[in-house]
Amino acid sequence: MDFNLSEEHLAVMAAARDFAQNELLPGVIERDTAQSFDPGLIRKMGDLGFLGMMIDPQYGGGGMDTLSYVIAMEEISKIDASAGVLMSVNNSLVCWGLQHYGSDAQKQKYLPSLATGQMIGAFCLSEPEAGSDATSQHTLAEDKGDHYLINGTKNWITSGSSSSVCLVVAQTYPDKKHKGINVFIVEKGWEGFSVGKKEDKMGIRASDTNTLMFSDVKVPKENRIGDDGSGFKFAMTTLNGGRIGIAAQALGIATGAYELSLKYSKERKTFGKPISEHQAIQFKLAEMATKIEAARLLVYKAARLKDAGKDYIQAAAMAKLYASDVAMWVTTEAVQIHGGYGYVKEYHVERMMRDAKITQIYEGTSEIQKLVIARELLK
């Protein structure tokens, strides 16, 4: 196994790091406090290619591999996990799903704007009674011949208010259960489509999360993605890839907190010497670095399997499960190393601890990941 990164991958890392340090770091605390993300930063992310990294260049994307994507995700999430989750949803769920399952007309119409940040996409699967159980869709899409009428509610939607295009999972044939589900491209501004209140979240506060409501929303037949009844397969396949992105985000949060802790331990003095010289702190730093390196190898393995066209379901679930747990543990230890300073916003780690928690929840909780892994093991 080759552990070396190519020159292209190193260039992606350098570009993402430069953007994160110079563009995202200034104002990251203020964005968290205000619960808003600067639209100008979204456009800069698009201009630099971070919103459509794996999309074919003919549609305005970067044509890069999954490993390049997770490398960039880690660097950006080190600084701002809200930017990371926006990038993750747009790349892994919306753009990737459209490129692999959309028609030529759908790709031509939507991908160029999504890949360049002129538009942001949202993935609408979760409902009040259908989160991890994606088969229990209560949002209905009634076939009216040349169009569908969509009625229902979606909640916990990342980029719910800032997105221009939504991929909406809905049930067309309730008697067929998961085989009756479809996915539709729905544009903001269509009659009957409304955005509910923004959730006041513990973490990733600069990323908008909303409830979306659909009341007799008329969707053209050509906006259905894939064959009739193929929506469940679309959702599950897309989520498998999405787990790699979330694992990379968790990895970035953990790495960012570790790097701040390492730096602080060399500057902060107690009992006449830097705290890095105390064995208790050294043990914490050593365990942080080891867990992060193990998480990175799991994330890279999942990305490489996906790029090789091999089965990556188990690897993606393992990476997401482990990296998210590492992010939560490392950020908690980072606050502990910083002591009282770790409890205030100025030192960043308290935000990282709040941001880390969501990585254990979205794209399926830790328990869901264990079920996915067990299912793959028992095949």
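Scroll up to find the structure this text is about.
Residues numbered from 1 in each chain as written. Predicted model: local features only at pLDDT ≥ 70, side-chain atom pairs only at ≥ 80, totals over all residues. Heavy atoms only, no water.

A. Looking closely at the overall build of the protein. Helices and strands together make up the secondary structure of the protein, namely eleven helices and ten strands. Relative to its length of 379 residues, the protein is compact, with a C-alpha radius of gyration of 21 Å against a globular reference of 21 Å. Counting only C-alpha atoms and orienting by the principal axes, one finds that the protein spans roughly 80 × 45 × 40 Å. Out of the 379 residues in the protein, the part that is buried amounts to 55%. Within the protein, contacts between residues separated by at least 24 positions form 74% of all contacts whose residues are at least 6 apart in sequence. Total accessible area computed for the protein in this model is approximately 16,300 Å², and 54% of it derives from carbon and sulfur atoms. Between the mean site of the 42 positive side-chain charges and the mean site of the 46 negative ones, the protein shows a separation of 3 Å. (Helix = DSSP H or I, 4+ residues; strand = E, 2+ residues; numbered from the N terminus. Rg over C-alpha atoms; globule rule 2.2 N^0.38 Å. Buried < 20%, exposed > 50% of the residue type's maximum accessible area, 1.4 Å probe, protein only. Contact = heavy atoms within 4.5 Å. Areas by Shrake-Rupley, 256 points an atom, 1.4 Å probe, with all protein chains shown as cover. Lys, Arg positive; Asp, Glu negative; His and termini not counted. Charge placed at Lys NZ, Arg CZ, Asp CG, Glu CD.)

B. Looking closely at the pairing of strand 3 (residues 147-158). Of all the twelve residues making up strand 3, nine are buried; the element is thus mostly covered by neighbouring parts of the structure. Connecting the antiparallel pair strand 2 (residues 140-143) and strand 3 is a turn made up of three residues, with Gly145 showing a positive phi of about 95°. Pairing geometry for strand 3 and strand 7 (residues 209-220), over nine bridges, is antiparallel. Opposite Lys154, over in strand 7, you have Leu212 as the bridge partner. (Pairing = 2+ DSSP bridges.)

C. The packing of helix 8 (residues 279-307) against helix 9 (residues 313-338), seen in detail. Contact geometry for helix 8 and helix 9: axes closest at 9 Å, N-to-C directions at 155°. The pairing of helix 8 with helix 9 is recorded here as roughly antiparallel in orientation. By crossing handedness, the relation of helix 8 to helix 9 is classed as left-handed. Its residues assigned to classes, the contact of helix 8 with helix 9 shows 21 nonpolar, one polar and four charged. (Axes fitted to C-alpha atoms, helices over the stretch in contact; angles between N-to-C directions. Parallel < 35°, antiparallel > 145°, perpendicular 65-115°, else oblique. Left-handed = near helix turned anticlockwise from the far one by under 90°. Nonpolar A, V, L, I, M, F, W, Y, C, P; charged D, E, K, R; others polar.)

D. Just helix 5 (residues 81-101), in detail. Across its 21 residues, helix 5 extends 28 Å between first and last C-alpha, which sits within 8% of the 30 Å expected from 1.5 Å per residue. At Cys95, helix 5 shows its largest bend, some 30°. The buried fraction of helix 5 amounts to 19 of the 21 residues, a majority that puts the element mostly inside the structure. The distance from a side-chain oxygen at the start of helix 5 to the backbone nitrogen of Ser82 is 3.0 Å, and the residue carrying that oxygen is Asp80. (Expected span 1.5 Å × (residues − 1). Bend = angle between axes of the 7 residues up to and from the residue. Polar contact = N/O pair within 3.5 Å; in protein donor to acceptor, adjacent residues only side chain to side chain.)

E. The environment of Phe19, seen in detail. Summarising the element assignment, Phe19 is placed in helix 1 (residues 7-24). Put simply, Phe19 and Ile76 are 57 residues apart on the chain and 7.7 Å apart in space, counted from C-alpha to C-alpha.

F. Structural context of the packing of helix 9 against helix 10 (residues 349-358). Following both chains from N to C, one finds helix 9 and helix 10 inclined at 160°, their axes separated by 8 Å at the closest point. Our classification of the angle between helix 9 and helix 10 gives roughly antiparallel. Handedness of the crossing formed by helix 9 with helix 10: left-handed. Residues Ala327, Met328, Thr331, Thr332, Ala334, Val335 and His338 of helix 9 form the contact with helix 10, whose participating residues are Val349, Glu350, Met352, Met353, Ala356 and Lys357.

G. The arrangement of the environment of Gly52 in detail. Positionally, Gly52 belongs in the loop between helix 3 (39-47) and helix 4 (66-79). Taking the C-alpha atoms as reference points, Gly52 and Ser92, 40 residues apart in sequence, are found 9.0 Å from one another. Dropping the residues within four chain positions of it, Gly52 is found in contact with Gly61, Gly62, Asn91 and Ala115.

H. How the structure looks around the packing of aromatic side chains. Tallied over the full model, the rule gives nine aromatic pairs. Taken together, a centroid distance of 5.3 Å and an interplanar angle of 70° make the contact between Tyr101 and Phe234 edge-to-face. With Tyr101 in helix 5 and Phe234 in helix 7 (residues 231-267), the pair connects residues that are 133 residues apart, well separated along the chain. Accessibility expressed as a relative area gives 3% for Phe234, which makes it buried. An angle of 25° between the planes, with centres 6.5 Å apart, marks the rings of Phe123 and Phe234 as stacked. Highlighted residues: Phe123 in strand 1 (residues 121-124) and Phe234 in helix 7, separated in sequence by 111 residues. No difference in accessibility class separates Phe123 from Phe234, as the two residues are buried. Every member of this aromatic cluster is reached through a ring pair, and the members are Trp96, Tyr101, Phe123 and Phe234. The positively charged end of Lys176 is found above the aromatic ring belonging to Tyr173, 4.7 Å away from the centroid. In this structure, Lys291 is placed above the aromatic ring of Trp329, and the distance from its NZ or CZ to the ring centre is 5.2 Å. (Phe/Tyr/Trp six-rings, centres within 6.5 Å; stacked < 30°, edge-to-face > 60°. Lys NZ or Arg CZ within 6 Å of the ring centre and 35° of its normal.)

I. Spotlight on the pattern of salt bridges. Evaluation of the coordinates by the stated rule reveals 21 salt bridges. Where Glu267 meets Lys263, a salt bridge forms, and the shortest distance between an N and an O atom there is 2.8 Å. Here Lys263 and Glu267 lie together in helix 7, a separation of four residues that amounts to about one turn. Exposure remark for Glu267: the relative accessible area of 48% places this residue in the partly exposed category. The network of salt bridges with common partners includes Arg17, Glu75, Lys78 and Glu259. (Salt bridge = Lys/Arg side-chain N within 4 Å of Asp/Glu carboxyl O.)

J. Quick look at helix 8. Here helix 8 is 29 residues long and its end C-alpha atoms lie 42 Å apart, about the 42 Å a rise of 1.5 Å per residue gives. Those residues of helix 8 lying buried are Ile281, Leu285, Met288, Ile292, Ala295, Arg296, Val299, Tyr300, Ala302, Ala303 and Lys306. Buried-residue contacts for helix 8 involve helix 4, helix 5, helix 7 and helix 9.

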